[in-house]
Protein chains: 2
Amino acid sequence: MINKPVTIYDIAAKLDLAPSTISRGLKRHSSVSLPTQQRIIQMAEKMGYRANAFAINLRNNKTSTIGIIVPKLNSYFMSQVIAGIEKVINSAGYNLLISQSLEDVGKEIINVQTMFDNRVAGLLVSLAENTSDIAHFLNLQKRGIPVLFFDRTPAGSDLPALTINNEAAGYKVTRHLIEQGATKIVHITGNQLSNVYKERLSGYKRALLEFKIPFEESCVLINDLSEEAGIKAANTIIKLKADGVFVANDHCAASCMHELKHHGKKVPEDIVIAGFNNDMISRIIDPSLTTVDYPGLKMGEIAAKNLLAHIEEKIDINLTANIILKTPLLIRQSSLRNP
Amino acid sequence: MINKPVTIYDIAAKLDLAPSTISRGLKRHSSVSLPTQQRIIQMAEKMGYRANAFAINLRNNKTSTIGIIVPKLNSYFMSQVIAGIEKVINSAGYNLLISQSLEDVGKEIINVQTMFDNRVAGLLVSLAENTSDIAHFLNLQKRGIPVLFFDRTPAGSDLPALTINNEAAGYKVTRHLIEQGATKIVHITGNQLSNVYKERLSGYKRALLEFKIPFEESCVLINDLSEEAGIKAANTIIKLKADGVFVANDHCAASCMHELKHHGKKVPEDIVIAGFNNDMISRIIDPSLTTVDYPGLKMGEIAAKNLLAHIEEKIDINLTANIILKTPLLIRQSSLRNP
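Residues numbered from 1 in each chain as written. Chains lettered and ligands numbered in written order. Predicted model: local features only at pLDDT ≥ 70, side-chain atom pairs only at ≥ 80, totals over all residues. Heavy atoms only, no water.

**Student:** Could you give an account of the domain arrangement of chain A, naming the residues involved and the relevant values?
**Tutor:** Residues and elements named next belong to chain A. In terms of domain boundaries, chain A breaks down into domain 1 (8–51), domain 2 (64–164 + 296–325) and domain 3 (166–294 + 329–335). Here the C-alpha centre of domain 3 lies 29 Å away from the C-alpha centre of domain 2. A combined buried area of about 1,200 Å² lies between domain 2 and domain 3, and 53% of that area is made up of carbon and sulfur atoms. In terms of surface lost to domain 3, no three residues of domain 2 exceed Tyr76, Glu129 and Ile164, which account for 51% of the buried area on that side. (Domains from an automatic or database assignment. Buried area = accessible area lost by both parts, 1.4 Å probe.)

Structure representation (structure tokens):
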């Protein structure tokens, strides 16, 4: 006896649903609810149904997959962004495919191609730090696949992007450290090709200027903002006799503070310190770390909602261009000399 | 004038390479070096070349993409695993597509289908906590796509898997806490459907038994091992008058210790504490946290190497079945009463 291939009609009969529902459910079309999609797919799996998904995609020229390309997945912030995106797109019937550029534009180009080959319905991107030319994204846009940038966005372009005001945030942190009595503030930051770090540095400089503190090139430490970089920076800070530190992420700030304490420095008495992101570590360490609340979950949700609304032709993200999120300063023990 | 479509011959002429190299490069075949792949893809992008990737995949029945499905991306451990995988597969000319099951078997099934639709060459999987039936992976295997499980692996199956000895690790931690004088040890852990948490609990029980400490059901707190869960658990620990805590991850251990200190408990004098994973946070908090070194980067590298070797028909992972990594106990201040 030869087993005849299972058809969508067999699945429809089994689940007591219309064959058209089965067809749309298998394609994970958003008109079928997620629980029903899952029932259909589970039954299809169980019955050994094999759709020629490639042929379907070729015919329909669409899928229900959203792609995301990020520099690296190794941060609390990025995992929060992705959680926010999943929350929105899953309930709309889309699935998320994630890839990392590992801060390399060459890999980013390959990732774009992979996402394109997989016919994503739209793409969310935070740029690699050495991406200056963004032709690979423009090509994707030309082919009708919408691209929305977030966090690390192309400098000097009017492509749709979701960011925070990094300059204003950098200014607020630095101003706060000065108001707490710091007179020599070291700024630890990342690659200056990235808009994020460049603008935070601008904000730092503006605050110094406002309070007539001379800017010193030697007080700006550019590294990869890793745990190790924070430890190394602590030694430089001691040599420079700085009394304030503003670090562009919390992880590096935490390891730097740990090392400073290890060398007998008291925080905030001898040195005031602030980080950036409001990662969990900022709340747990002792003293707790002053930081900027960068709401990853919210950023992910807003990015996903805008991209989906564009795909469903409810808005045109190319018209709204820039969306800017608020980022409050969270003042904690590491910088609070005068409560 | 009508623009003729760009062909691989045009790209070959421009780069002075053989058309077959262009063809393989565009498909990211591992016989073409990664830098050359990138040159080819960049030039193809620049010239506006559009391969019918779906047709190519349909014809060749292969891609150079590896898929990975993880429960959640929100841990240092998982980001390390993924970094290890990328390192190995990128240098072999493969690209990585990542998706999250968000601890839900229904989404995991959809992810498997998405990965299959995208013709991944192989799949790496750490299971959702409520996955009991693994038929969706068996179907994939039957269709010739190798699946290698890591960390969270199917219980009671002989499918290829890469794990640590969770039972032995749980035993080692508990034994150490007892040797440091703890007589009533709370164990905070995750969903017991997961092999990982179930086995750590078994190890905890074995150590208690060996030292003739009665096992109390009330001393086992099962939650989602989040920051919030750690805070909540601290209050229970105080009520139970426990003098030892073994937490199945570092993040939850860190927030629990923070909360215990907040309530005036001294660590390690009043309570000895140990975590699991050797996350960065375990080294930064005060006192530093005793933990189990779970080498994510190494696990990722080994998983990727084995999967690739299987794809390239150098080994058969179905024969080796289980690979077990070593996990040393890292004794730090949070548990060290008798240095």
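**Student:** Explain the interface of chain A and chain B to me, and be specific about the residues and the numbers.
**Tutor:** When the parts of a complex come together, some accessible area is lost, and that lost area is often used as the size of the interface. Taken together, the contact pairs 56 residues of chain A with 57 residues of chain B. The tally of links between chain A and chain B comes to four salt bridges. A salt bridge links Lys107(A) to Glu86(B), with the shortest nitrogen-to-oxygen separation between them at 2.8 Å. Counting across the chain A and chain B interface gives 15 residue pairs in polar contact (both at pLDDT 80 or more). Contributing elements (two or more residues each) for the side of chain A that touches chain B: α3 (34–47), α4 (53–60), α5 (76–91), β2 (95–100), α6 (105–117), α7 (135–142), α11 (250–262) and α12 (280–284) of chain A. (Contact = heavy atoms within 4.5 Å. Salt bridge = Lys/Arg side-chain N within 4 Å of Asp/Glu carboxyl O. Polar contact = N/O pair within 3.5 Å; in protein donor to acceptor, adjacent residues only side chain to side chain. Helix = DSSP H or I, 4+ residues; strand = E, 2+ residues; numbered from the N terminus.)

**Student:** A description of the pairing of strand β3 (residues 122–125) of chain A should follow, citing residues and the corresponding values.
**Tutor:** Residues and elements named next belong to chain A. In β3, alternate side chains face the same way, and those of Gly122 and Leu124 on one face and Leu123 and Val125 on the other are all buried. Sheet topology places strand β1 (residues 65–70) next to β3; four bridges connect them, and they run parallel. Bridge pairing in β3 places Gly67 opposite Leu123. Pairing geometry for β3 and strand β4 (residues 147–150), over three bridges, is parallel. Each residue of the ladder has a partner; that of Val125, found in β4, is Phe149. Running through α7, the crossover from β3 to the neighbouring parallel element β4 is right-handed. (Buried < 20%, exposed > 50% of the residue type's maximum accessible area, 1.4 Å probe, protein only. Pairing = 2+ DSSP bridges. Right-handed = clockwise from strand over helix to strand, strands pointing away.)

**Student:** Outline helix α5 (residues 76–91) of chain B, listing residues and values.
**Tutor:** Residue and element names in this part refer to chain B. The end-to-end C-alpha distance of α5 is 23 Å, a good match for the 22 Å that 16 residues give at a rise of 1.5 Å each. Burial in α5 covers these residues: Phe77, Met78, Ser79, Val81, Ile82, Gly84, Ile85, Glu86, Val88, Ile89 and Asn90. Backbone geometry just downstream of α5 places Gly93 in the positive-phi region, at approximately 90°. (Expected span 1.5 Å × (residues − 1).)

**Student:** A description of the relation of the copies chain A and chain B should follow, citing residues and the corresponding values.
**Tutor:** Here two copies of a chain appear, and what relates them is a rotation about an axis with a shift along it. Of the transformation placing chain A onto chain B, the axial shift is 0.0 Å and the rotation is 180°, giving an RMSD of 0.1 Å. In the structure described here, the two chain copies are related by an operation that fits a two-fold rotation axis. For chain A, the residue whose C-alpha comes nearest the rotation axis is Ile98(A), separated from it by 2.4 Å. Taken as a fraction of all interface residues of chain A, those also at the interface in chain B reach 100%, which identifies the copy contact as same-surface. (Least-squares fit on C-alpha atoms with pLDDT ≥ 70 in both.)

**Student:** Tell me about the packing of aromatic side chains, and name the residues and values.
**Tutor:** The description of an aromatic ring pair rests on the distance of the ring centres and on the angle between the ring planes. Overall, the coordinates contain eight aromatic pairs over all chains when judged by the stated rule. Summarising the aromatic geometry, the rings of Phe276(B) and Tyr294(B) are spaced 6.4 Å apart at their centres and angled 80° between planes, so their arrangement reads as edge-to-face. Of this pair, Phe276(B) sits in the loop between β9 (272–274) and α12 (280–284) while Tyr294(B) is found in the loop between β10 (291–292) and α13 (296–311), placing the two residues 18 residues apart along the sequence. When sorted by exposure, Phe276(B) lands in the same class as Tyr294(B), which is buried. Three or more aromatic residues link up through ring pairs in this structure, and these residues are Phe77(A), Phe276(A) and Tyr294(A). Over the aromatic face of Phe116(A) sits the side chain of Arg143(A), whose NZ or CZ is 4.8 Å from the ring centroid. Arg200(A) extends its terminal NZ or CZ atom over the ring of Phe276(A), reaching a point 3.5 Å from the ring centre. (Phe/Tyr/Trp six-rings, centres within 6.5 Å; stacked < 30°, edge-to-face > 60°. Lys NZ or Arg CZ within 6 Å of the ring centre and 35° of its normal.)

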